[in-house]
Amino acid sequence: MKAIKFNLSYGNEHVKSLDELKENCNVDMLLETLQNGLLVRWLTAQSKTDLAERISAIDTSDFRKALPEMLKILFDRDASIIEQSASEIFAIREKEAKRLENLSNLAEKENEIIAQYHKGYDGLLENLKASKNDFIPH
C-alpha cells in the first residue's frame, strides 16, 4: 500500500517536498514536528525512509543537540549559519524565560510587602484605638 502524501503545515506555510522544506526552513516547525513525530511520518510518506530512520534516531531530550543533527541529516551539508542562528534563538528564549521568572518573583514579593504594610498599618490603628485614653490633650 502506497503512503498517502501530506503537507507539513506551520502557520501559513505548507511544505510539500523536501526541496520546499530546505527553502523554507523554520527551526520552530522542524523542532515541533521532530518532537511530535510528524516529521518522520512526513518523510516516510515522501518515500524518504532512509532520512526518516536517521531522524527518528535523534534524541529529542535536548533540542540544542538535536537541531544540528537534524539539519545535517535533512540538508546534507554544513548548516553552521542556521545552527548559529538557532543557538541565538535558544539563548534569547532562555533570557526571556529568566526575565519572566524574575518578574513573577517580583510580583510575589510585591504582594508580600503590601500585605505586611497593611498588617502593620492595621496593627498601628488597633494600638491607637486601644490607648486612646492615654493621650493628654494640651
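For the structure itself, consult the block above.
Keep in mind it's a predicted model, so treat the numbers as computed, not measured.

Parameters at a glance
Residues numbered from 1 in each chain as written. Predicted model: local features only at pLDDT ≥ 70, side-chain atom pairs only at ≥ 80, totals over all residues. Heavy atoms only, no water. Axes fitted to C-alpha atoms, helices over the stretch in contact; angles between N-to-C directions. Helix = DSSP H or I, 4+ residues; strand = E, 2+ residues; numbered from the N terminus. Parallel < 35°, antiparallel > 145°, perpendicular 65-115°, else oblique. Contact = heavy atoms within 4.5 Å. Nonpolar A, V, L, I, M, F, W, Y, C, P; charged D, E, K, R; others polar. Buried < 20%, exposed > 50% of the residue type's maximum accessible area, 1.4 Å probe, protein only. Salt bridge = Lys/Arg side-chain N within 4 Å of Asp/Glu carboxyl O. Core = buried A, V, L, I, M, F, W, Y, C linked by side-chain atoms within 4.5 Å.

Peer 1: Looking at this model, I keep getting lost on the packing of helix α2 (residues 27-35) against helix α5 (residues 63-75). Mind explaining?
Peer 2: Two measures define how a pair of helices packs: the angle their axes make with one another and the distance between the axes. Across the interface, α2 lies against α5 with an axial gap of 11 Å and an inter-helix angle of 100 degrees. Classed by the angle they form, the pair α2 and α5 counts as roughly perpendicular. Of α5, the residues touching α2 (which contributes V27, L30, L31, L34 and Q35) are F63, A66, L67, M70, L71 and L74. Residue composition of the contact of α2 with α5, by class: 10 nonpolar, 1 polar and no charged.

Peer 1: Sorry if this is basic, but what is going on with unusual backbone geometry here?
Peer 2: Of all residues except glycine, most have a negative phi; of all peptide bonds, most are trans. Unusually for a residue other than glycine, S47 sits at a positive phi of about 65 degrees. If you trace the backbone, S47 turns up in the loop between α3 (38-45) and α4 (49-56). Residue S47 is classed as exposed on the basis of its relative accessible area, which comes to 57%.

Peer 1: How should I be thinking about the environment of V15 in this particular structure?
Peer 2: Here V15 shows up in strand β2 (residues 13-15). Since its relative accessible area comes to 1%, V15 is described here as buried. Residues V15 and E83, 68 residues apart in the sequence, show an inter-C-alpha distance of 21 Å. When residues no more than four places from it in sequence are discounted, the contact partners of V15 are N7, L8, E20, L21, M29 and W42.

Peer 1: In this structure, what is going on with the pattern of salt bridges? I would like to understand it.
Peer 2: Once their charged atoms are close, side chains differing in charge can pair, the charge on each being opposite to the other. With the rule as written, the count across this model stands at 3 salt bridges. With a closest N to O distance of 2.6 Å, D28 and R93 form a salt bridge. Of this pair, D28 sits in helix α2 while R93 is found in helix α6 (residues 80-130), placing the two residues 65 residues apart along the sequence. Take R93: its relative accessible area is 41%, and that puts it in the partly exposed class.

Peer 1: Is there a simple way to think about α2 in this case?
Peer 2: Among the residues of α2, those classed as buried are V27, M29, L30, L31, T33 and L34. Within two residues after α2, G37 carries a phi angle of roughly 85 degrees, on the positive side.

Peer 1: Sorry, what's going on with the nonpolar core here?
Peer 2: Soluble globular proteins tend to bury their nonpolar side chains together. Counting residues in each nonpolar core, the largest one holds 25 residues, and the members touching the most others are L21, L39, L43, I55, M70 and L74. Looking at this core, the elements with two or more residues in it are α1 (18-23), α2, α3, α4, α5 and α6. If one sorts the elements of this core by residue count, α5 sits on top with 7 residues.

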